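Reading the structure
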Amino acid sequence: MRNRFLITICLFLFAKMASAAEVDTVLTYSKSMKKNIKAVVIKPDSYKTGKSFPVVYLLHGAGGNFGEWVKNVPGIKNLADQYQFIIVCPDGNVTSWYFDSPVDPEWKYETYVAKELVGYIDEHYKTIAEKKGRAITGLSMGGHGALYLAIKHQDVFGAAGSMSGGVDIKPFPNGWNIPKRLGAEDEFPERWKQHSVIDLIYLIKPKSLDIIIDCGVDDFFYKANVRLHDELIYNNIPHDFITRPGAHNWEYWANAIKFQGVFMNNFFNQKP
């Protein structure tokens, strides 16, 4: 009897696993950069029901690619099922920082993610195709990118998050190929300010953007995240700020994405 009970439980768990989210790898075209770019799309288990779903755009960090999140944190598929939203993992190239480079016209990842990719996803998937149905978050370079894109495109995204985000690039004048995208910091200091999240919060319109920031105390971006938190408080911009022991690694991000999932789900389900 006990063995039969265990077999029944195992079959139930297997059935639950079998109904998990479906992962697509899609090839999108960027008109601005004249090239094809891959993305991962995770559909929740009820996708075939016919209703429309909200979308969370989940960005990778420097040196990463579109497949990094689903490879290193396969549990994000469970988030898609748990909260019934689509997750899209774009490819931001190794060091795009998710902005349009004023130096190199072949790097236009702000245009790609915020306009071209969003347009592709809304055209090919059953989405809630307005800002109340779109959120964006990411890790490290992607944390910067998510906040940067959401601030610059408040008509597109209604919520934004950051995990261990490089929210102020100015203290890193030689880091992660940023000079290749913007020119040298000492030659173009204003340009670097215009592409640093911490210097763009004045653009945030009241009640336009729900924001969550998360960074570990042992992270080399920690002080910048605390400064951003303080600036948001000073400017009376509502946001969630989470910090706890942890460094700049996948162990931290695998935990952080769970909090981001709760936040984005609350945003999608809030009453008008």
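Just so it is clear, the model here is predicted, and its values are computed rather than measured. (Residues numbered from 1 in each chain as written. Predicted model: local features only at pLDDT ≥ 70, side-chain atom pairs only at ≥ 80, totals over all residues. Heavy atoms only, no water.)

A word on the layout of surface pockets. Of the volumes computed, that of the largest pocket is approximately 620 Å³. Around the largest pocket, the lining comprises 32 residues; the ones closest to its centre are Gly-158, Lys-207, Asp-210, Phe-267 and Gln-270. Elements with a contribution of two residues or more to the lining of the largest pocket: strand 7 (210-216) and helix 9 (250-269). No other element matches helix 9, which puts five residues into the lining of the largest pocket. Of the residues contributing to the lining of the largest pocket, the split by class is 14 nonpolar, eleven polar and seven charged. (1 Å grid on protein atoms, 1.4 Å probe; cavity = no way out; pocket = protein on both sides within 12 Å on 5 of 7 lines; lining within 4 Å. Points joined across faces, edges and corners; volume = space filled by probe spheres on them. Helix = DSSP H or I, 4+ residues; strand = E, 2+ residues; numbered from the N terminus. Nonpolar A, V, L, I, M, F, W, Y, C, P; charged D, E, K, R; others polar.)

This brings us to the sheet that holds strand 7. Strands sit in the order 1-2-4-3-5-6-7-8 across an open sheet of eight strands; the sheet is mixed. Each of the sheet's edge strands pairs with one partner strand only, and the pair in question is strand 1 (22-30) and strand 8 (240-244). Strand after strand, the sheet turns through a mean of 20° between neighbouring axes, direction not considered. Examined bridge by bridge, strand 7 and strand 8 share five bridges and lie parallel to one another. The residue bridging Cys-215 from the neighbouring strand is Thr-243, located in strand 8. (Pairing = 2+ DSSP bridges. Axes fitted to C-alpha atoms, helices over the stretch in contact; angles between N-to-C directions.)

Buried residues dominate strand 6 (residues 159-163), accounting for five of its five residues. Because side chains alternate across strand 6, one face comprises the buried residues Ala-159, Gly-161 and Met-163, and the other comprises Ala-160 and Ser-162, equally buried. Two strands pair when backbone bridges link them, and strand 5 (residues 134-138) and strand 6 are joined in this way by two bridges, in the parallel orientation. Bridging from a neighbouring strand, Ile-136 pairs with Ala-160 of strand 6. Handedness of the crossover joining strand 5 and strand 6 through helix 5 (residues 141-152) is recorded here as right-handed. In this sheet, strand 7 lies alongside strand 6 in parallel orientation, the contact comprising five bridges. The residue bridging Ser-162 from the neighbouring strand is Ile-213, located in strand 7. (Buried < 20%, exposed > 50% of the residue type's maximum accessible area, 1.4 Å probe, protein only. Right-handed = clockwise from strand over helix to strand, strands pointing away.)

Once that is clear, we can look at the environment of Ile-257. Relative to the helices and strands, Ile-257 is located in helix 9. Sequence separation of Ile-257 and Leu-58 is 199 residues, and the distance between their C-alpha atoms is 9.5 Å.

On to the side chain of Glu-68. Note on placement: Glu-68 falls in helix 2 (residues 68-72). With residues near it in sequence (within four places) discarded, Glu-68 still touches His-60, Gly-61, Val-73 and Trp-250. (Contact = heavy atoms within 4.5 Å.)

Applying the stated rule across the entire model yields nine salt bridges. For Glu-22, the salt bridge identified is with Lys-43, shortest N-O distance 3.7 Å. Of this pair, Glu-22 sits in strand 1 while Lys-43 sits in strand 2 (residues 35-43), and the two are 21 residues apart along the sequence. The salt bridge partner of Glu-110 is Lys-152, with a shortest N-O separation of 3.5 Å. One end of the pair, Glu-110, is in helix 4 (residues 109-124); the other, Lys-152, is in helix 5, and 42 residues separate them in sequence. Exposure remark for Lys-152: the relative accessible area of 35% places this residue in the partly exposed category. Through salt bridges with shared partners, a single ionic network connects Asp-168, Lys-170, Asp-199 and Arg-227. (Salt bridge = Lys/Arg side-chain N within 4 Å of Asp/Glu carboxyl O.)

As a further point, take the side chain of Glu-116. Relative to the helices and strands, Glu-116 is located in helix 4. Despite its burial, Glu-116 pairs with no opposite charge, the nearest such side chain being Lys-31 at 7.8 Å. Discounting residues that sit within four places of it in the chain, Glu-116 has contacts with Ser-30, Lys-31, Ser-32 and Thr-111. (Lys, Arg positive; Asp, Glu negative; His and termini not counted.)

As a further point, take the confidence of the model for the protein chain. This prediction gives the protein chain a mean pLDDT of 92; 93% of its residues lie at or above 70. Contacts for the low-pLDDT stretch residues 1-19, under 50 throughout, to residues beyond four places or in other chains number two contacts. (pLDDT = per-residue confidence, 0-100.)

What follows deals with the nonpolar core. Judged by nonpolar contacts, the single largest core of 53 residues is most densely connected at Tyr-57, Ile-121, Ile-136, Leu-149, Phe-157 and Leu-228. Membership of the second largest hydrophobic core comes to 29 residues, among which are Val-70, Ile-76, Ala-159 and Tyr-252. (Core = buried A, V, L, I, M, F, W, Y, C linked by side-chain atoms within 4.5 Å.)

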